[in-house]
Amino acid sequence: MGLTAEECKLIKNCWSKLAPEHEDLGGEALTRLFQVYMQSKIYFSHFDLCPGSNDIHRHGQKVIKALDSAIKSIDNIRGCLSELSDLHAYNLRVDPVNFKFLTRCLHVTMASSLRGEYNALAYKAFDKFLCLVGEVLTEKYR
């Protein structure tokens, strides 16, 4: 399920248009995650989970930084996210379904920012990309 050259180009193009919003994008997606998939809150009991909190904002920045690195290393996502995969599998032990939930929330967040530019092709490309990221982050669970 690799990405085509066209999909990589589309992902990088859309991501660059979101760059001015990178500061807040992750926090928005996490806020959606915690509001829609409340079971995800269990991993963040030490956080202030109120929308707009500093905890959500800071963790959202970490999520976006990881995605940004994966996009910049789109030909080597596995190598790029290896340490993060170890952290989630061995230390945090996050239920893998949460990556799927976050993917849905990221789609909504990006679509609300990009509007018409987040069309079916962009959705498909990002969905493949985010599925690859989720696959890498959960592969060490086995």
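Under an unreviewed UniProt entry, the name given to the protein chain is Hemoglobin subunit alpha-D-like, and the source organism is Podarcis lilfordi. You can read under Sequence similarities (unreviewed entry) in the UniProt record for the protein chain the words "Belongs to the globin family."

A. Looking closely at the pattern of salt bridges. Evaluated as defined, the whole model comprises seven salt bridges. Of the charged contacts, one joins Asp55 and Arg58 as a salt bridge, the two residues approaching to 2.9 Å between their closest N and O atoms. Of this pair, Asp55 and Arg58 are both found in helix α3 (residues 54-72), three residues apart, which corresponds to roughly one turn of the helix. Residue Arg58 is classed as partly exposed on the basis of its relative accessible area, which comes to 45%. The residue Asp68 makes a salt bridge to Lys72 at a minimum N-O spacing of 2.9 Å. Highlighted residues: Asp68 and Lys72, both in helix α3, separated by four residues, approximately one helical turn. With relative accessibility at 17%, the residue Asp68 sits in the buried group.

About the criteria used
Residues numbered from 1 in each chain as written. Predicted model: local features only at pLDDT ≥ 70, side-chain atom pairs only at ≥ 80, totals over all residues. Heavy atoms only, no water. UniProt positions renumbered as here; feature names shortened; annotations may be inferred. Salt bridge = Lys/Arg side-chain N within 4 Å of Asp/Glu carboxyl O. Helix = DSSP H or I, 4+ residues; strand = E, 2+ residues; numbered from the N terminus. Buried < 20%, exposed > 50% of the residue type's maximum accessible area, 1.4 Å probe, protein only.

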